[in-house]
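# An overview of the molecular structure
Residue strings, one per chain:
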Amino acid sequence: MKNTAIVRDAFAIQLLAKCGLENNLGLLSAFKNVKREEFIGEPPWLIVGDDGLIPIESQDPVVLYQDELFALKRELQLNNGRPSLHAFALNALAPKEGEVVAHIGAGTGYYTAVLSQLVGSAGRVIAVEYDRSLYERAKIALQDYTNVDVICADGREFPEREVNCIYVNFAVLNPAESWIENLADGGRAIIQIGPRFKDAEGNLQGFTHPGSALLIYRVKSEFHVTWLGHTSFTFCQGEFDSSDEERLRSAFENGGVEHVNRLFWKSNPSKRNFWFSSGPVSWSNS
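Residues numbered from 1 in each chain as written. Predicted model: local features only at pLDDT ≥ 70, side-chain atom pairs only at ≥ 80, totals over all residues. Heavy atoms only, no water.

## Quick notes on the overall build of the chain
Scanning the chain from N- to C-terminus turns up eight helices and 16 strands. By the compact-globule yardstick of 19 Å for 286 residues, the chain fits well, its C-alpha radius of gyration being 19 Å. The buried share of the chain, reckoned over its 286 residues, is 51%. Sequence separation of at least 24 residues holds for 58% of the intrachain contacts in the chain that already meet a minimum separation of 6. Surface summary for the chain: the accessible area is close to 13,500 Å², and the carbon and sulfur share equals 48%. (Helix = DSSP H or I, 4+ residues; strand = E, 2+ residues; numbered from the N terminus. Rg over C-alpha atoms; globule rule 2.2 N^0.38 Å. Buried < 20%, exposed > 50% of the residue type's maximum accessible area, 1.4 Å probe, protein only. Contact = heavy atoms within 4.5 Å. Areas by Shrake-Rupley, 256 points an atom, 1.4 Å probe, with all protein chains shown as cover.)

## Considerations on the packing of aromatic side chains
For the structure shown, the criterion picks out seven aromatic pairs. Between the aromatic rings of Phe 31 and Tyr 110, the centroid separation amounts to 6.4 Å while the plane-to-plane angle is 65°, which identifies the pairing as edge-to-face. In this pair, Phe 31 sits in helix 2 (residues 25-33) while Tyr 110 sits in helix 5 (residues 110-119), placing the two residues 79 residues apart along the sequence. For Phe 31, a relative accessible area of 0% gives the class buried. Judged by centre distance (5.9 Å) and plane angle (55°), the ring pair of Phe 39 and Tyr 110 falls under tilted. With Phe 39 in helix 3 (residues 37-40) and Tyr 110 in helix 5, this pair connects stretches of sequence that are 71 residues apart. The class for Tyr 110 is buried, based on a relative accessible area of 1%. (Phe/Tyr/Trp six-rings, centres within 6.5 Å; stacked < 30°, edge-to-face > 60°.)

## Observations concerning the side chain of Thr 234
One can find Thr 234 in the loop between strand 13 (222-230) and helix 8 (245-254). With sequence-adjacent residues up to four places away left out, Thr 234 is seen in contact with Leu 76, Gln 77, Leu 78, Phe 170, Ala 171, Gly 206 and Phe 207.

## Re the state of the cysteines
Using the criterion set out here, one finds zero disulfides in the structure. Free cysteine Cys 236: the closest other cysteine sulfur is in Cys 152, separated by 15 Å. (Disulfide = S-S within 2.5 Å.)

## Considering the pairing of strand 13
Of the pairings in the sheet, the one linking strand 12 (residues 212-219) to strand 13 comprises eight bridges and is antiparallel in character. Each bridged residue has a counterpart across the sheet, and for Ala 213 the counterpart in strand 13 is Gly 229. In terms of strand pairing, strand 13 meets strand 14 (residues 262-265) through two bridges, oriented antiparallel. Across the sheet, Phe 223 pairs through a bridge with Leu 263, a residue of strand 14. (Pairing = 2+ DSSP bridges.)

## What about helix 6 (residues 132-141)?
Along helix 6, the residues classified as buried are Leu 134, Tyr 135, Ala 138 and Ala 141. Angular distribution of buried residues about the axis of helix 6 spans 130°; they occupy a single face of the element. With respect to the buried face of helix 6, the exposed residues turned more than 90 degrees away are Arg 132 and Ile 140. In this structure, the buried side of helix 6 is in contact with helix 3, strand 3 (71-73), strand 4 (78-79), strand 6 (124-129) and strand 7 (148-152). (Arc of directions from axis to C-beta.)

## Describing the nonpolar core
Counting residues in hydrophobic clusters, the biggest one holds 40 residues, and the most contacted among them are Leu 27, Phe 31, Phe 39, Val 114 and Leu 142. Among the elements that line this core, the one with the most residues is helix 5, at seven residues. For Phe 39, the contacting residues outside a window of four places in its chain are Val 34, Leu 72, Thr 108, Gly 109, Tyr 110, Ala 113, Arg 137, Ala 141, Leu 142 and Tyr 145. (Core = buried A, V, L, I, M, F, W, Y, C linked by side-chain atoms within 4.5 Å.)

## Some points on helix 4 (residues 83-93)
The complete set of buried residues in helix 4 reads Pro 83, Ser 84, His 86, Ala 87, Ala 89, Leu 90 and Leu 93. One or two residues past the end of helix 4 sits Ala 94, with phi positive at roughly 55°.

## Section: the packing of helix 2 against helix 5
Where helix 2 contacts helix 5, the axes come no closer than 9 Å and their chain directions differ by 130°. One way to sum up the angle between helix 2 and helix 5 is to call them oblique. Helix 2 and helix 5 meet at a crossing whose hand is right-handed. Side by side, helix 2 and helix 5 meet where Gly 26, Leu 27, Ala 30, Phe 31 and Asn 33 of the first sit next to Tyr 110, Tyr 111, Val 114, Gln 117 and Leu 118 of the second. (Axes fitted to C-alpha atoms, helices over the stretch in contact; angles between N-to-C directions. Parallel < 35°, antiparallel > 145°, perpendicular 65-115°, else oblique. Left-handed = near helix turned anticlockwise from the far one by under 90°.)

## Focus: the pairing of strand 7
Moving residue by residue along a regular strand, the side chains alternate between the two faces of the sheet. As paired elements, strand 6 and strand 7 share five bridges and run parallel to each other. Considered in strand 7, the bridge of Val 125 is made with Val 148. At this point the chain moves from strand 6, through helix 6, to the parallel strand 7, and the crossover so formed is right-handed. (Right-handed = clockwise from strand over helix to strand, strands pointing away.)

Shown next as structure tokens:
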């Protein structure tokens, strides 16, 4: 519809201006071209607010062009993600034309489609989603994106080969081996790391709080890290080792994650797989 296209263009311009990214023309074009309504599902739509779900009365897709979270699978607290957060992250990840990107935790594929636009026809996006119903929806929504492969699997086991970028959209306690070892020299990865939120009764919830987004940049065998900000993401599905969760929680509560600048991977036999360092201060899963 013509009105939807006009609103989508305005949304993209406003979104990037809000993030201070007006000069990122590739990202601007991607948000202008990708139709969010193709990835949210049929109405009635629900906004995920601070105090619960907010129903949207209108069935006009123009209402989807807001910087809001829209529910995808509310029983699992899965949503479409806040566009400004993803715009900021994708600007930091900086996928280039012709590169191969692994999108881990792709949901229904909205940001996969944005990535598809950024890498162009010469590039490739490998979208991995664990939840079968979201995978099925993504496969349909992305069927016309010829540079995208959609896979239903545990995202911690992908990519299976070397890629230029890895974009992880769920939270973990530690980086998956495949994310680090299959990141190409010069490659960038964004991961969400942190313990699960613990409520006043001590019950663990299915999302991180506190959590952080980290940008990892590989230079040969070294992994440089930039802290991107505090985040709250749905925690990974499937089985995982939670033995280090309280240690990680303590590290976050004590502060310092904002100053992390290096990831050491399997480089010290006295430690486990990894540890992060900010110079004289470090925190790890050891």
